[in-house]
Structure formats: structure tokens, C-alpha cells
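A structural walkthrough
Residue strings, one per chain:
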Amino acid sequence: MIIEVKNMSFAYEGAPLLFDNISFSVGRGQIVCVLGPNGTGKTTLLNCLANLSIPTKGRILIDRKDTEKMSPQEVAMNIGFVPQFITPSFSYEVLDYVVTGCAPTIGTFQKPKPEHFEIAQESLKQMGILHLAHKYYNQISGGERQQVSIARALAQRPKVILMDEPTAHLDFGNQIKVLRIIKSLAAEGYGAVITTHNPDHALLLGGDVAVIHPSGEFIFGSCKDVIREDFLSSLYGVELHLCHLAEIERDICVAPSL
Amino acid sequence: MRKTIYIRTLFIMICILFIFAFFSICIGRFSSNPVDVYHAILGKLGLEPTADEGMEVVLFSIRIPRVFASMMIGAMLSLSGAVYQGVFRNPLVSPDILGVSAGASVGAASAIMIGLGIWERQGFAFLFGLLAVGLSTTISKLMRNHSNLMLVLSGIIVGGFLNSLLAIMKFVADEQTELATIVFWQMGSFAEIDMQEVVAIGPVLFLGSVLLIGLSWRINILSFGEVEAKIVGMNTKQIRGISIACASLLTASAVSICGTIGWIGLVIPHLARLAVGSDHVKMIPVSALLGAMFMLFVDTVARALLTVEIPLSILTGIIGAPCFAWLLYKQRATVS
């Protein structure tokens, strides 16, 4: 196990608990999809894992070490994070952005050396977007930005990559491309935790799901066990169907006609 | 931009700056032949017998301190502008817009009224400058609006208030002594500068630029946003704190010598970005050099163009404002 979450609870100041007493773990090559309606705390859960928010109660262990006892750099060397959206105020070259992933291993008053730029280029190559290296970040498309952000996370050389709605703001083709990337990263041994609004993405990725139910209940289990027709309908509050499509040999989640 | 090209650019800029400084030393009411100036400098260094005593006084007590001071102040204001823009992720801020200059002015004026010397004046200016930038950021936080515009508006509020405080201080200042000192200092002139003041701001410029150039890559990361910086394990509070303190110290030190000189801290970073790109590792040193060149140019024009000295703020405004308009036009697509 790389990440172990033990009895974690979280509440924003003066607000009721978002989630209470949840426990799960993420291992090498494991994909965990976090599902739940708007406002149930999916992003907060990811933020806790990334050490951006501090859980109200409970512990998070990385390789059996309590994150509370780790420095931010140490956490960053284990966990990469792809946030939802970034809008830089200045136009940086893609490579200059990706190399910031090397920050945990670079001293405060130092600058990236050629070897760090090599790591950044390798990460771009791994994502198949080396040709973007010298393009300006604010001149590339949304899909490319998502890939660049993943490359930045890879440059951190993490064991687990967290992605906050990696398919949001992307067209359909790019959504599928990003899902493929996640699958291949898992095949390479990275653990992946992603939040998504589309249960079908969880079905596509297989793996495990972590569900924050509006009732406050937390459900964790394999995709096949957890994603059931009645469960999805109660989770999202609308009628949903799970059908097996013989042509492509998989279960799909669809809404009935309106 | 490739690293070799960048280093060549820096080298060329430093050469131009020195040539420029040399000619600026020659220009003035007591205009001197460059060859004579060259010999006088050699004479002062003890390499040649002194030729002209009168010229030596003009050069070494008046012009050379002034040329050094203008270059240093230009570098200080541009550096701090570049850092504020990066740290606040906001291309529209500058020491003036954030209210730092006004704060530093209030601090320096209080020091003058109490009758303190140049070092204490810098210290007071620094404290009040920090207070001003703290207020501006706090107000925009209280508004719970993190837009670029809100920070600019908060800065205008703080700057406006502090400028009124400064006006009150002038109002109550002793007409015979303090008022004149404050008014002369605040007009932003290098006319009265002496070597003692150059020596007083030297360490500040050195310390500030060393720290900020050291942190320049971290400022890149900060400029991507709070979350982006935290997820790569950065202590954002610490780095932001050091950067803002350095920038405010530079501004305060400049203000305590020659009052508020507008526009440089806003326009020069934009020019630098246009020249070498947004990467702060390259852009911060280039800002400092461009600022030094610009200030030297403006000050030379100010003392040589007419028989009377033109106040610096007039010239920086006349050049800076249209320049900023042109830069905004060029970047109109990327300003949000």
C-alpha cells in the first residue's frame, strides 16, 4: 500500500462534517474513482490526500509514514496532483511549467539544472507531447493543458497521482484520451485517484470506486461491486440504468429518455 | 529564450549601461569632454597626476554620485515592481499602485519630522511600506474577491489614505525647516544626492537583488497560484513573505532617498517580459538593468535638457504612461 487513509474526518470551520471516519488505501497500479454529487467533498478528499487541507480527525500514511510528520517536499515527492484548472497570469513556455514539478528536489535559492529540464522533457515524452515543450502554455488547447498538467505531476516522480476532475472542460474525444492515459499510467505502476462526475468513466476505468453519499455514508469497493443501478439512482437522485452493451462488451451507465 | 542568447543579452545590456553612464557623467551644465573625464577618473584612481581640480569636484562630488544613485534607484524600483507582479500574479500592480510608495513616504516624512538621519529614514520607510502592502492585501482578502482588479482597488484605497496622511504631515510641519526638507525630498530629485546616500542604499540594493534573484524561480512557481505551489511542496507563506519584504525594502529605500518616482515599477517589468519572456529567472535581472538604464536616461534628460531641472516624476510620467498604454495594447489578449 502506498497511501493509507485511517478514520479520516473533515469539516470546514464552523460547518458540519463533510465526511466522517473514512478509511481506504491506494496501492501501486490501483485506480480509485471518487464519485459523489456536487458539494459532497470529492475535491476536499483529494486535497486532504495531497496535504493541501488538513483532516479534522484521522491520519494519512504514505508508505506507513504519517504525513503529519513529513515535510511538504517529502509528500510532494510521493504524491503528484493535477488540479482542475490553472490560469497563469503570465505566458510561460510549457517546459518552464513542467519543470516546476522538480521543485521538491531543488533547494529554495536554486534554479532547475539541465538534469531537471531533462526530467521535464522525459515527462512530456511519456505523455507524447514533447512537441509542445516550447509552446506557450496559454496558447495550447484545453486537452493539451490537461496533458501538460499530468506531465508536470509526472516530473514530481510520484508514486500516486491525484487528479481533480481531469475530464472536466474537455470535449468528448479528449475525455476518452485522458482516461486512456490514466489507464496506461496505472499499468506503469502509478496509483491514481481521480474525481469524476461521470459514473461511466468509473466503469471504463474499472478499478475501485470511493463514493461519498449525500447521506454522509462512505462506500469503498471494486467498481463491479459498488456500481449498481439502484445505488447510482439513489446517489444522484435521478433514475439511471446500467446496461450491458454486447457490441463493446461492457456495462454502460445511461439515463432513460427524458 | 536559449540560455546562451540570454547571457549574451545580459552582457550587452551591462556594457550599454556602463557606456551610457560614462556619457551621462560628461553631460551637464558644466559639460566636459569625454577624454578629459577619462583622464580625471584615472587621476582620481591615482594612475595619473590630477589635471583639473575644478572638474574633479564636479565629477566626484556631484555627477558620479548622481549617476550611481539614479541607476541604483531605477534598478530598485523595477526589481520591486517585477517581484510584486509575479508574487501577486498580477501584471497591473506596482509599488505605487499597491500603496507601498505612499506608505514609505509617510514613514520617511515622519523620520524627517522627528529629525532622524538617512538610515533611520530608510527603516521608517520600510516599516510603513510593509504596513501599506499588508493593508492592501488584507483589504482585498476581506472583500473575498481574489481578482486582479480588487487588489488594484485596495491599493488605491490604501495609497489614497496614506497620501492624505502625508498631506496632513506637511500641513503641520514647521514651515521654516521641516516642510522645505519634505517638499524637496518628495519631489523626486537626484540634485541633492551625495556619496553618503549612495552608500546608504547600496547594501539594500545588494541584499535585495541577491535574495530576489535567488528566489526568482520560486516566484515563477508562486505566479502559477497558491495550489500549484503547494502541491510541489513549497512553503508559500515563507517565500511570499520574503519576496514581499525584499520588494518593499527596495521601494522604501528608494523612496527615502528621492521621494516617489512613478511608472518605473509598473512599466519596466512589462518591457522586460516583452524582451526575454515571463520566466522570472531571466526577467528579474533584465528588469533591474532596464530600470537602471531608464532612470539614468530620464535623470540625464532632467538635468541637461533645460537650464532648470525638470522634476523626475514629470518625465517618467510623460514617457511611462504612453509606454504602458502601448504595452497594454500589445498584450491586450492576455490581460484578464
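All values reported here derive from a predicted model rather than from experimental measurement.

Description of the interface of chain B and chain A
Put simply, an interface is often sized by how much accessible area is lost when its parts join up. Facing the 25 residues of chain B at the interface are 25 residues of chain A. If you tally residues by element for the side of chain B that touches chain A, the top one is helix α8 (residues 195–223) of chain B, at 7 residues. In terms of residue class, the side of chain B that touches chain A is made up of 10 nonpolar, 9 polar and 6 charged.

Focus on the environment of L17 of chain B
Residue and element names in this part refer to chain B. As for its placement among the helices and strands, L17 is situated in helix α1 (residues 3–26). Measuring from C-alpha to C-alpha, the distance between L17 and V57 comes to 23 Å, with 40 residues separating the pair along the chain. Look past the residues within four positions of L17 in its chain and what remains in contact with it is L289, A292 and M293.

Topic: the sheet that holds strand β4 (residues 57–62) of chain A
Residues and elements named next belong to chain A. Here 4 strands make up an open sheet; going across it, the order is β2-β1-β4-β5 and the pairing antiparallel. Taken across any chain shown, the strands that pair with only one partner, and hence form the sheet edges, are β2 (19–26) and β5 (65–66). Where helix α1 (residues 42–49) meets the sheet, it contacts β1 (3–10), β2 and β4, and its direction lies at approximately 125° from that of β1.

Topic: unusual backbone geometry
Residues and elements named next belong to chain A. Here N21, not a glycine, exhibits a phi torsion of approximately 55°, which is positive. Mapped onto the secondary structure, N21 falls in strand β2. Under the C-beta neighbour-count criterion, N21 is labelled partly exposed, with 13 such atoms within 10 Å. The backbone phi angle of N51 is positive, close to 70°, even though this residue is not glycine. Structurally, N51 can be placed in the loop between α1 and β4. Taking the C-beta count within 10 Å as the criterion, N51 has 23 such neighbours and is therefore assigned buried.

Things to note about the nonpolar core
Judged by nonpolar contacts, the single largest core of 163 residues is most densely connected at L49, V98, L162, A192 and V193 of chain A. Per-element accounting of this core gives the leading share, 15 residues, to helix α3 (residues 53–87) of chain B. Aside from chain neighbours lying at most four places away, what touches V193 of chain A is V26, V32, V34, L46, L49, V160 and L162 of chain A.

Focus on the packing of helix α4 (residues 100–114) of chain B against helix α10 (residues 236–258) of chain B
All names here are of chain B. Following both chains from N to C, one finds α4 and α10 inclined at 50°, their axes separated by 9 Å at the closest point. Taken together, the axes of α4 and α10 are oblique relative to one another. Note that α4 runs across α10; the crossing there is right-handed. Contacts between α4 and α10 pair V100, S101, A104, S105, G107 and A108 from the former with S248, T251, A252, V255 and S256 from the latter.

Quick look at helix α13 (residues 312–330) of chain B
Residue and element names in this part refer to chain B. For α13, built from 19 residues, the straight-helix expectation of 27 Å at 1.5 Å per residue is met to within 8% by its first-to-last C-alpha distance of 26 Å. Looking only at α13, the buried set comprises L312, S313, T316 and G320. At its buried positions, α13 is contacted by α11 (264–276) and α12 (280–304).

Overview of the sheet that holds strand β8 (residues 191–195) of chain A
For sheets, the rule is that strands pair by backbone hydrogen bonds, running either parallel or antiparallel. All names here are of chain A. Ordered in space as β6-β7-β8-β3-β9-β10, the 6 strands form an open sheet in which the pairing is mixed. The two strands at the open ends of the sheet, each matched to only one other strand, are β6 (79–82) and β10 (218–222). Direction aside, the axes of adjacent strands within the sheet are offset by 15° on average. As paired strands, strand β7 (residues 160–163) and β8 are joined by 4 bridges and run parallel to one another. In the sheet register, V160 faces β8, and the bridge partner there is G191. Sitting on the sheet, α1 is in contact with β3 (31–35), β6, β7, β8 and β9 (208–212), with an inclination near 150° to β8. Along the sheet, helix α5 (residues 142–155) makes contact with β6 and β7, crossing β6 at roughly 165°.

Looking at the pairing of strand β12 (residues 250–254) of chain A
Residues and elements named next belong to chain A. Strand direction decides the pairing type here: strand β11 (residues 241–245) and β12, joined by 5 bridges, are antiparallel. Bridge pairing links L242 to C253 in β12. Once β11 ends, the chain turns through 4 residues before running back antiparallel as β12, passing E249 with a positive phi of about 55°.

Observations concerning the confidence of the model for chain B
Taken over all residues, the pLDDT of chain B has a mean of 90, while the share at 70 or more is 97%. For this predicted complex, the interface score ipTM comes out at 0.91, alongside a pTM of 0.92.

Some points on the environment of I227 of chain A
Residues and elements named next belong to chain A. Structurally, the position occupied by I227 is in the loop between α8 (223–226) and α9 (229–236). For the pair I227 and D208, spaced 19 residues apart in the sequence, the C-alpha separation amounts to 9.9 Å. Setting aside its immediate chain neighbours within four residues, I227 contacts P199, A202, L203, V209, L232 and L242.

Focus: the packing of helix α5 (residues 118–142) of chain B against α8 of chain B
Residues and elements named next belong to chain B. Contact geometry for α5 and α8: axes closest at 10 Å, N-to-C directions at 40°. One finds that α5 runs oblique with respect to α8. As α5 packs across α8, the resulting crossing turns out to be right-handed. Along the contact surface, α5 presents I118, W119 and Q122, while α8 presents Q196, E197, A200 and V204. Considered class by class, the residues forming the contact of α5 with α8 number 4 nonpolar, 2 polar and 1 charged.

Conventions and cut-offs
Residue numbers run consecutively from 1 along every chain, following the written order of its sequence. Working convention: letters from A go to chains and numbers from 1 go to ligands, in the order in which they are written. This being a predicted model, a pLDDT of at least 70 is required before a residue's local features are given, and a value of 80 or more before pairs of side-chain atoms are given or counted; all residues contribute to the totals for chains, interfaces and linings. What counts as a contact is two residues whose backbone-derived C-beta atoms lie within 7 Å of each other. Think of it this way: any DSSP run of H or I at least four residues long counts as a helix, any run of E at least two long counts as a strand, and we number them from the N terminus. Only Asp, Glu, Lys and Arg are considered charged, only Ala, Val, Leu, Ile, Met, Phe, Trp, Tyr, Cys and Pro nonpolar, and every remaining residue, Gly among them, polar. Pairing between strands is defined by DSSP: at least two bridges between the two strands are required. The axes used here are C-alpha line fits, helices contributing only the stretch in contact, and every angle between their N-to-C directions lies in the interval 0 to 180 degrees. Any residue surrounded by 20 or more other C-beta atoms within 10 Å of its C-beta is treated as buried, while 12 or fewer makes it exposed and the intermediate range makes it partly exposed; C-beta atoms here are placed from the backbone. Under the definition applied here, buried Ala, Val, Leu, Ile, Met, Phe, Trp, Tyr and Cys residues are grouped into a nonpolar core through C-beta atoms within 7 Å. In this scheme, roughly parallel covers angles under 35 degrees and roughly antiparallel covers those over 145, while 65 to 115 is roughly perpendicular and the rest are oblique. Rotating anticlockwise by less than a right angle from the far helix to the near helix defines a left-handed crossing, while the corresponding clockwise rotation defines a right-handed one. A helix is expected to span 1.5 Å multiplied by its residue count minus one. Looking at any residue, its pLDDT shows the predictor's confidence there, from 0 to 100.

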